[in-house]
Amino acid sequence: QGTRFQWLPDGCLKTVSAPLDAIKEDPRNGKKVWFNSIIAVYRGWRDSRNDPNKAITFGDGTPMPPEVMDGLDAILEDLAADVTWQSGDVYLVDNMQVLHARRPFTPPR
């Protein structure tokens, strides 16, 4: 699939995905769907190995402008629907139809 792997001096494994389409087609109904995790990468994967400002690029390697990422984040936040869990609940998510995420929390929840 074009993924590259690199062992870093500290023993961590760095993976770099090949360019992927942000929008896919659901083969069951032909519907175009947003199918990627760029917001998770941009907002959440910040550590000594990951710089979100370099992690998300266009296919030619040009970094995605922060204002584009902020706009995508705002759209996803606007479309979010929180689910209140109760003990014993089971939740099934069709990843071709909806994104899923987890809100930050302070234990216990």
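Rules of the game
- Residues numbered from 1 in each chain as written.
- Predicted model: local features only at pLDDT ≥ 70, side-chain atom pairs only at ≥ 80, totals over all residues.
- Heavy atoms only, no water.
- Patch = residues over 30% accessible without salt bridge, like charges linked within 9 Å, V, L, I, M, F, W, Y side chains within 5 Å.
- Areas by Shrake-Rupley, 256 points an atom, 1.4 Å probe, with all protein chains shown as cover.
- Salt bridge = Lys/Arg side-chain N within 4 Å of Asp/Glu carboxyl O.
- Helix = DSSP H or I, 4+ residues; strand = E, 2+ residues; numbered from the N terminus.
- Core = buried A, V, L, I, M, F, W, Y, C linked by side-chain atoms within 4.5 Å.
- Buried < 20%, exposed > 50% of the residue type's maximum accessible area, 1.4 Å probe, protein only.
- Contact = heavy atoms within 4.5 Å.
- Pairing = 2+ DSSP bridges.
- pLDDT = per-residue confidence, 0-100.

- In the annotation of an unreviewed UniProt entry, the entry for the protein reads TauD/TfdA-like domain-containing protein, and the organism field reads Elysia chlorotica.

Details of a nonpolar patch on the surface
Argument step 1. Where nonpolar side chains cluster on the molecular surface, the patch consists of Phe 5, Trp 7 and Leu 13 and spans about 390 Å² of accessible area.
Argument step 2. With respect to the helices and strands, the residue Phe 5 is situated in strand 1 (residues 4-7).

So, the nonpolar core
Argument step 1. Listed in full, the 7 residues of the largest apolar core are Ile 38, Ile 39, Val 41, Tyr 42, Ile 56, Met 64 and Met 69.
Argument step 2. For this core, the element with the most residues is helix 1 (residues 38-44), which contributes 4 residues.
Argument step 3. Setting aside anything within four residues of it in sequence, one finds Ile 39 in contact with Gly 44, Met 69, Leu 72, Asp 73 and Leu 76.

Focus on the pattern of salt bridges
Two side chains carrying opposite charge are able to pair once their charged atoms lie near each other.
Argument step 1. All told, the structure shown has 2 salt bridges when counted by the stated rule.
Argument step 2. In this structure, Asp 94 and Arg 28 form a salt bridge, with 3.0 Å as the shortest nitrogen-oxygen distance. Of the two residues, Asp 94 sits in the segment after helix 3 (66-79) while Arg 28 sits in the loop between strand 3 (23-25) and strand 4 (32-34), which places them 66 residues apart along the sequence.
Argument step 3. Connected via shared salt-bridge partners are Asp 26, Arg 28 and Asp 94.

Comments concerning the pairing of strand 2 (residues 13-16)
Argument step 1. Alignment of strand 1 against strand 2, held across 4 bridges, turns out to be antiparallel. Looking across to strand 2, one finds that Gln 6 is bridged to Lys 14.
Argument step 2. Where strand 1 hands over to strand 2, the hairpin turn is made up of 5 residues, of which Gly 11 adopts a positive phi near 90°.

Thoughts on the confidence of the model for the protein
Low-pLDDT stretches of the model should not have their predicted coordinates read in fine detail.
Argument step 1. Here the protein averages 84 in pLDDT, while 98% of its residues score no lower than 70.
Argument step 2. Here helix 2 (residues 52-55) stands out as the least confident element of the protein, with mean pLDDT 77; strand 1 is the most confident, with 91.

Quick notes on the environment of Thr 15
Argument step 1. Inspection of the secondary structure assignment puts Thr 15 in strand 2.
Argument step 2. Exposure remark for Thr 15: the relative accessible area of 47% places this residue in the partly exposed category.
Argument step 3. The contacts of Thr 15, once residues within four sequence positions are left out, are Thr 3, Arg 4 and Phe 5.

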